[in-house]
Amino acid sequence: MLPVTLPEPLPLLQAASMDSVMEALASLPAELRDQQDRHIVLLRGRRRLLLLENGDLRLAFPVATGMPGWETPTGSFAVFQKIDRPVWVHPVTGERVEEQGPDNPLGSHWMAFHRDCLGRDAHDGDQWITINGCTTTGFHGTPHRWTVGRAISHGCVRLYNEDVSSLYGQVTIGTPVTVLP
């Protein structure tokens, strides 16, 4: 039997990723594909974020979304806040993490698109968490690369830091956001 030369793994991964992006794009409702502005579409179930402009795909990224009990909200929203080098404030203890690094779960950039003032009362896999008052959902980087591609957050949408940096440069306050189930 002749030895078979296996293809390089990186091109295989890139091809699989492109197939996934094309499937995600094809699954969009026509009214989203036909919008004539720049907008973000999050396919929550596919854990895929698309940046579209005039019907064309500008960027596509894998993401992490909210876990059961902390689902990323679905609907139509708009980016209402952008922060470079965000400070994370623990939602229960109020502890602040200002340094960029492994202790700051927001990574390098933050873009808020949803605010909910109903509070939260749910288990996060480790403990029961009760939050009185408002919570904000947004796109952000993460120092925990292994989480991307999973439903693991408290509702936010996590991206690799290099991906959130690219998205941050393409988005303005008011950019429409559509989150599909």
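Structural notes, computed from the coordinates.

On to the overall build of the protein chain. Helix and strand counts for the protein chain come out as 3 helices and 15 strands. In the protein chain, which comprises 181 residues, the proportion classed as buried is 39%. Entry remark: accessible area of the protein chain is about 10,000 Å², with carbon and sulfur atoms responsible for 53%.

Ile40, Leu49, Met111, Phe139, Leu159, Leu167 and Val177 are the most contacted members of the largest nonpolar core, which has 19 residues in total. Elements with a contribution of two residues or more to this core: strand S1 (38–43), strand S2 (48–53), strand S9 (109–116), strand S14 (157–160), helix H3 (161–170) and strand S15 (176–180). If you tally residues by element for this core, the top one is H3, at 3 residues. Setting aside chain neighbours within four positions, we find Phe139 in contact with Ile40, Leu49, His109, Trp110, Met111, Phe113, Val157, Leu159, Val164, Leu167 and Val177.

Summed over the entire model, instances satisfying the criterion amount to 2 aromatic pairs. With centroids separated by 5.5 Å and ring planes inclined at 55°, the aromatic side chains of Phe77 and Phe113 adopt a geometry described as tilted. Of this pair, Phe77 sits in strand S5 (residues 75–78) while Phe113 is found in strand S9, placing the two residues 36 residues apart along the sequence. By relative accessible area, which is 2% here, Phe113 ends up buried.

Before going further, it helps to examine the state of the cysteines. Counted under the stated rule, the structure contains 1 disulfide. One disulfide in the model links Cys117 with Cys134; its S-S distance is 1.9 Å. Note on the Cys117 and Cys134 pair: the S-S dihedral is about 100°, so by sign convention the disulfide is right-handed. You can see Cys117 sitting in the loop between S9 and strand S10 (120–123) and its partner Cys134 sitting in the loop between strand S11 (128–131) and strand S12 (135–142), a full 17 residues away along the chain. On the basis of relative accessible area, Cys117 is assigned to the partly exposed category, the value being 46%. Since its relative accessible area comes to 34%, Cys134 is described here as partly exposed.

Okay, the sheet that holds S2 next. Judged by pairing direction, the sheet is mixed, and its 5 strands sit side by side in the order S3-S2-S1-S15-S5 without closing on themselves. The open sheet is flanked by strand S3 (56–62) and S5, the only strands paired with a single partner. Ignoring which end each strand starts from, the neighbouring axes of this sheet average 20° apart. Strands in contact with H3 are S1, S2 and S3; relative to S3, the strand with the most contacts, it is inclined by about 150°.

Conventions we followed
- Residues numbered from 1 in each chain as written.
- Predicted model: local features only at pLDDT ≥ 70, side-chain atom pairs only at ≥ 80, totals over all residues.
- Heavy atoms only, no water.
- Helix = DSSP H or I, 4+ residues; strand = E, 2+ residues; numbered from the N terminus.
- Buried < 20%, exposed > 50% of the residue type's maximum accessible area, 1.4 Å probe, protein only.
- Areas by Shrake-Rupley, 256 points an atom, 1.4 Å probe, with all protein chains shown as cover.
- Core = buried A, V, L, I, M, F, W, Y, C linked by side-chain atoms within 4.5 Å.
- Contact = heavy atoms within 4.5 Å.
- Phe/Tyr/Trp six-rings, centres within 6.5 Å; stacked < 30°, edge-to-face > 60°.
- Disulfide = S-S within 2.5 Å.
- Pairing = 2+ DSSP bridges.
- Axes fitted to C-alpha atoms, helices over the stretch in contact; angles between N-to-C directions.

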